[in-house]
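# Structural description and commentary
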Amino acid sequence: KHADTAMYHAKNLGKNTYQFYHNAMTTKAMERHELLTDLRKAIEQGQMVLHYQPQLELKSGELIGCEALVRWEHPTKGLIAPLRFIPLAEESGLIVPLGEWVLEEACRQAREWQLAGFKPLKVAVNVSNIQFNRMDICQLVTDKLSITELEAKYLLIELTETSIMQSGDVSFEMLQAIKGQGVGIAMDDFGTGYSSLGALKKLPIDNLKVDKSFIDEIPENSESKVIFKAIVAMTKQFGISLTAEGVETSEQCDFLQIHGCDFIQGYLLSKPLPPKEMEQFLANHSEP
Ligand code: C2E
Ligand code: CA
Ligand code: CA
Ligand code: CA
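So, here is what we can say about the structure in this document.

Analysis parameters
- Residues numbered from 1 in each chain as written.
- Chains lettered and ligands numbered in written order.
- Predicted model: local features only at pLDDT ≥ 70, side-chain atom pairs only at ≥ 80, totals over all residues.
- Heavy atoms only, no water.
- Axes fitted to C-alpha atoms, helices over the stretch in contact; angles between N-to-C directions.
- Helix = DSSP H or I, 4+ residues; strand = E, 2+ residues; numbered from the N terminus.
- Left-handed = near helix turned anticlockwise from the far one by under 90°.
- Contact = heavy atoms within 4.5 Å.
- Nonpolar A, V, L, I, M, F, W, Y, C, P; charged D, E, K, R; others polar.
- Salt bridge = Lys/Arg side-chain N within 4 Å of Asp/Glu carboxyl O.
- Phe/Tyr/Trp six-rings, centres within 6.5 Å; stacked < 30°, edge-to-face > 60°.
- Buried < 20%, exposed > 50% of the residue type's maximum accessible area, 1.4 Å probe, protein only.

## What about the packing of helix α4 (residues 95–115) against helix α6 (residues 137–148)?
The geometry of a pair of packed helices is captured by two quantities: the angle between their axes and the separation between those axes. At a minimum axis separation of 9 Å, α4 and α6 run at an interaxial angle of 35°. In this structure, α4 crosses over α6, and the sense of that crossing is right-handed. On α6, the residues touching E100, L103, E104, C107, R108 and R111 of α4 are L140, V141, K144, L145, I147 and T148. Taken together, the residues of the contact of α4 with α6 sort by class into six nonpolar, one polar and five charged.

## Quick notes on the pattern of salt bridges
Applying the stated criterion across every chain yields a total of 15 salt bridges. Among the ionic pairs, E62 bridges to K119, the shortest N-O distance being 2.8 Å. Residue E62 is located in the loop between β1 (48–57) and β2 (63–74), and its partner K119 is located in the loop between α4 and β4 (122–126); the two are separated by 57 residues in the primary sequence. Ionic contacts of the salt-bridge type, sharing partners, join the residues E67, E158, K209 and E245 into one network.

## Considerations on the packing of aromatic side chains
Using the criterion set out here, one finds three aromatic pairs in the structure. Centroid distance Y52 to W113: 5.0 Å. Interplanar angle 70°. Geometry classified as edge-to-face. Here Y52, found in strand β1, pairs with W113, found in helix α4; they are 61 residues apart in sequence, far enough to count as distant. Since its relative accessible area comes to 1%, Y52 is described here as buried. The buried category is assigned to W113, whose relative accessible area is 5%.

Here it is as C-alpha cells:
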C-alpha cells in the first residue's frame, strides 16, 4: 500500500520518477525479506496457530465440520492473516514444511476433541497448488493420519478450482489415491476459475465450495440465483455435496436452504475461532 502510494506520486512527478520508484521498491523488498526471514523461524518456533471455522448442515441444523485456517502469531507484529504470508511461503518453498505442520496439527486437534468427548467433526485442510505439485500429498496424508490416529473419514482436503483444473491426469490419479484412503476432497473457491459445470463429472471430488464472491450476490442478483440453482442440480446429479462459503446473512441462508445447498460456512454462523473458543462453540452446539 505504502509502495503503491509512492509509485503514484512518482508517476506524477516526472523527472524524479526513478528515485521515487526505486525507494518504494527497496522498502517493499526489505519488508518482504524481513518477513521471509521471520517466517523461516516462525514455523520452527511454533508461532503458527490454526483457527477453526464451524460448518453447519442445513438439513439437520447440526454442526458437522470445521475448516482449519492458519494464522501467524508474530512476536512483534501481532496476528498476521494468511493472505500476507501464504504467497511468500509458496514462492520460497516454505509452504512445504508449513503445509506439513498444518495438516498434522489439524488432525491432532480433531482427534483431541474426539477423545475429549465432543461430537466427531470433519476437519477441512487447505492444500496449496505448489504443495500439491511439489510433494506426495497422498503419502503425507497417510503419515499424518497414522501419527495422530485420526480416522480418514474425518479429514477433508481442500484444493482450489484452479489447482485441480491445471493439474491434469497425473494429479487426478493423486486425488483418486487420496480418496482411496477414505479422505474427502473438496474443490475450493468454485466460481472463480474457468471450469464448466460439465467438467465436474470427471473430477474425483466429494464436495464443492461455492466462492464467497458468488454467495455475496445472493439474493439480490437474479442471474447469480439462476446459476446457483444450476450448480445445485448438477452437483446432485454427480453425487457431489455443496458448501456455500462466506454466508453472512439469514436471507442468504434461507435461499440456500430452500434451494438444496448441503452445508454453510460463514460469519452468520461464526468467524474462524482460536482452539479454546472453538471448544466452547462445540460445547454449546454438541448434544450431551
Ligand atoms: P479460503 O480457503 O477461501 O478460506 C475462507 C476465507 O474466508 C477465510 O479467510 C475466512 O476467514 C474467510 N471467511 C469465512 N467466512 C466469511 C464471511 O462470512 N465473510 C468474510 N468476509 N470472510 C469469511 P482467511 O482465514 O483469511 O484465509 C484466507 C485464505 O488463505 C484461505 O481462503 C486460503 O486460501 C488461505 N489459507 C488459509 N489457511 C491456509 C492453510 O493452512 N494452507 C494454505 N495453503 N492456505 C491457507
Ligand atoms: Ca478453503
Ligand atoms: Ca474458499
Ligand atoms: Ca476464497
